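If you want the building blocks of each chain, they are given just below.
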Amino acid sequence: MQREYRVLYQEVEDGWIMASVPDLPGAVTQGRDRDEARMMIREAVELLLESYREEVAKRLDSNGRIGTRAKRSFGDMRSQAELGIGGIE
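Residues numbered from 1 in each chain as written. Predicted model: local features only at pLDDT ≥ 70, side-chain atom pairs only at ≥ 80, totals over all residues. Heavy atoms only, no water.

A few words now on the overall build of the protein chain. The helix and strand tally for the protein chain stands at two helices and three strands. Within the span of the protein chain, comprising 89 residues, buried residues form 22% of the whole. Partitioning the intrachain contacts of the protein chain with sequence separation of at least 6 by distance along the chain shows that 26% fall at a separation of at least 24. Surface exposure of the protein chain reaches about 6700 Å², of which carbon and sulfur atoms provide 47%. (Helix = DSSP H or I, 4+ residues; strand = E, 2+ residues; numbered from the N terminus. Buried < 20%, exposed > 50% of the residue type's maximum accessible area, 1.4 Å probe, protein only. Contact = heavy atoms within 4.5 Å. Areas by Shrake-Rupley, 256 points an atom, 1.4 Å probe, with all protein chains shown as cover.)

Right, here's the structure in full:
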(Lines give C-alpha, C1' and ligand atoms only; values in the text may rest on other atoms or scores of the structure.)
Protein backbone atom coordinates (compact mmCIF):
# COMPACT_ATOMS: atom_id res chain seq x y z
CA MET A 1 0.00 0.00 0.00
CA GLN A 2 1.44 3.33 -1.02
CA ARG A 3 0.36 6.57 0.56
CA GLU A 4 1.17 10.16 -0.30
CA TYR A 5 2.18 12.64 2.38
CA ARG A 6 2.19 16.42 2.23
CA VAL A 7 5.71 17.81 2.58
CA LEU A 8 6.43 21.32 3.81
CA TYR A 9 9.58 23.04 2.56
CA GLN A 10 11.08 26.04 4.31
CA GLU A 11 14.29 27.94 3.67
CA VAL A 12 16.51 27.98 6.75
CA GLU A 13 20.06 29.13 7.59
CA ASP A 14 22.54 29.69 4.79
CA GLY A 15 19.99 28.88 2.08
CA TRP A 16 19.42 25.27 3.14
CA ILE A 17 15.90 23.87 2.66
CA MET A 18 14.16 22.12 5.55
CA ALA A 19 11.58 19.47 4.65
CA SER A 20 9.02 18.05 7.07
CA VAL A 21 5.91 15.88 6.96
CA PRO A 22 3.29 17.18 9.43
CA ASP A 23 1.44 13.84 9.50
CA LEU A 24 4.58 11.94 10.57
CA PRO A 25 6.17 13.34 13.73
CA GLY A 26 9.93 12.97 13.45
CA ALA A 27 10.00 13.18 9.64
CA VAL A 28 12.22 16.24 9.34
CA THR A 29 15.40 16.73 7.33
CA GLN A 30 17.19 19.29 5.19
CA GLY A 31 19.12 19.64 1.97
CA ARG A 32 21.29 22.16 0.19
CA ASP A 33 18.48 22.73 -2.32
CA ARG A 34 14.90 21.58 -2.88
CA ASP A 35 15.92 18.50 -4.88
CA GLU A 36 18.26 17.28 -2.17
CA ALA A 37 15.65 18.06 0.53
CA ARG A 38 13.07 16.07 -1.47
CA MET A 39 15.42 13.09 -1.71
CA MET A 40 16.27 13.28 2.00
CA ILE A 41 12.65 13.54 3.19
CA ARG A 42 11.68 10.58 1.02
CA GLU A 43 14.40 8.53 2.74
CA ALA A 44 13.43 9.85 6.20
CA VAL A 45 9.78 8.86 5.67
CA GLU A 46 10.75 5.38 4.46
CA LEU A 47 12.99 4.84 7.50
CA LEU A 48 10.40 6.18 9.94
CA LEU A 49 7.62 4.00 8.54
CA GLU A 50 9.92 0.98 8.53
CA SER A 51 10.72 1.57 12.21
CA TYR A 52 6.99 1.85 13.02
CA ARG A 53 6.31 -1.44 11.20
CA GLU A 54 9.18 -3.19 12.99
CA GLU A 55 7.99 -1.91 16.37
CA VAL A 56 4.44 -3.10 15.75
CA ALA A 57 5.68 -6.51 14.52
CA LYS A 58 7.67 -6.95 17.76
CA ARG A 59 4.56 -6.33 19.81
CA LEU A 60 2.11 -8.64 18.05
CA ASP A 61 0.80 -11.49 20.16
CA SER A 62 0.49 -15.05 18.85
CA ASN A 63 -2.91 -14.19 17.33
CA GLY A 64 -1.50 -11.26 15.37
CA ARG A 65 -3.12 -8.68 17.66
CA ILE A 66 -1.49 -5.84 19.53
CA GLY A 67 -2.04 -6.11 23.28
CA THR A 68 -2.89 -3.19 25.56
CA ARG A 69 0.69 -2.83 26.83
CA ALA A 70 2.00 -2.85 23.28
CA LYS A 71 -0.49 -0.19 22.21
CA ARG A 72 0.68 2.00 25.07
CA SER A 73 4.34 1.42 24.17
CA PHE A 74 3.72 2.23 20.50
CA GLY A 75 1.99 5.43 21.59
CA ASP A 76 5.00 6.27 23.75
CA MET A 77 7.31 5.70 20.77
CA ARG A 78 5.21 8.05 18.66
CA SER A 79 5.23 10.65 21.45
CA GLN A 80 9.01 10.41 21.62
CA ALA A 81 9.19 10.97 17.87
CA GLU A 82 7.00 14.06 18.25
CA LEU A 83 9.47 15.41 20.81
CA GLY A 84 12.39 14.60 18.54
CA ILE A 85 13.80 11.85 20.78
CA GLY A 86 14.10 8.19 19.98
CA GLY A 87 13.17 8.70 16.34
CA ILE A 88 14.44 10.15 13.12
CA GLU A 89 15.56 13.73 13.54
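Time to look at the layout of surface pockets. Reported here for the largest pocket is a volume of approximately 540 Å³. Residue lining of the largest pocket: 14 residues in total, with Gln-2, Arg-3, Tyr-5, Val-45 and Leu-49 positioned closest to the centre. It is helix 1 (residues 34-58) that provides the largest number of residues to the lining of the largest pocket, a total of seven residues. When the residues that make up the lining of the largest pocket are grouped by side-chain class, the tally is seven nonpolar, one polar and six charged. (1 Å grid on protein atoms, 1.4 Å probe; cavity = no way out; pocket = protein on both sides within 12 Å on 5 of 7 lines; lining within 4 Å. Points joined across faces, edges and corners; volume = space filled by probe spheres on them. Nonpolar A, V, L, I, M, F, W, Y, C, P; charged D, E, K, R; others polar.)

The next subject is the confidence of the model for the protein chain. Averaged over all residues, the pLDDT of the protein chain is 80; the fraction at 70 or higher stands at 69%. The secondary structure element of the protein chain with the lowest average pLDDT is helix 2 (residues 68-83), at 54, and the one with the highest is strand 2 (residues 17-20), at 98. Contacts for the low-pLDDT stretch residues 83-89, under 50 throughout, to residues beyond four places or in other chains number nine contacts. (pLDDT = per-residue confidence, 0-100.)

With that settled, the discussion passes to the pairing of strand 1 (residues 8-11). Along any regular strand, the residues point their side chains to alternate faces of the sheet. Taken together, the four bridges between strand 1 and strand 2 define a ladder with antiparallel strand orientation. Pairing of Gln-10 across the sheet is with Met-18, part of strand 2. Following strand 1, the chain reverses through five residues before pairing antiparallel with strand 2; Asp-14 in that reversal takes a positive phi of roughly 55°. (Pairing = 2+ DSSP bridges.)

In this section: the side chain of Thr-29. Topologically, Thr-29 is positioned in strand 3 (residues 28-31). Setting aside residues up to four positions removed in sequence, Thr-29 forms contacts with Ile-17, Met-18, Ala-19, Ala-37, Met-40 and Ile-41.

This part takes up the environment of Gln-30. Checked against the element boundaries, Gln-30 lands in strand 3. Taking the C-alpha atoms as reference points, Gln-30 and Met-18, twelve residues apart in sequence, are found 4.2 Å from one another. If we skip the residues at most four places from it in the chain, Gln-30 touches Val-12, Trp-16, Ile-17, Met-18, Ala-19, Ala-37 and Met-40.

As a further point, take the pattern of salt bridges. All chains considered together, the criterion is met by three salt bridges. For Arg-38, the salt bridge is made with Asp-35, and the minimal N-O distance between the two is 3.1 Å. Within this pair, Arg-38 and its partner Asp-35 are both found in helix 1, separated by three residues, close to a single helical turn. The exposed category is assigned to Asp-35, whose relative accessible area is 55%. (Salt bridge = Lys/Arg side-chain N within 4 Å of Asp/Glu carboxyl O.)

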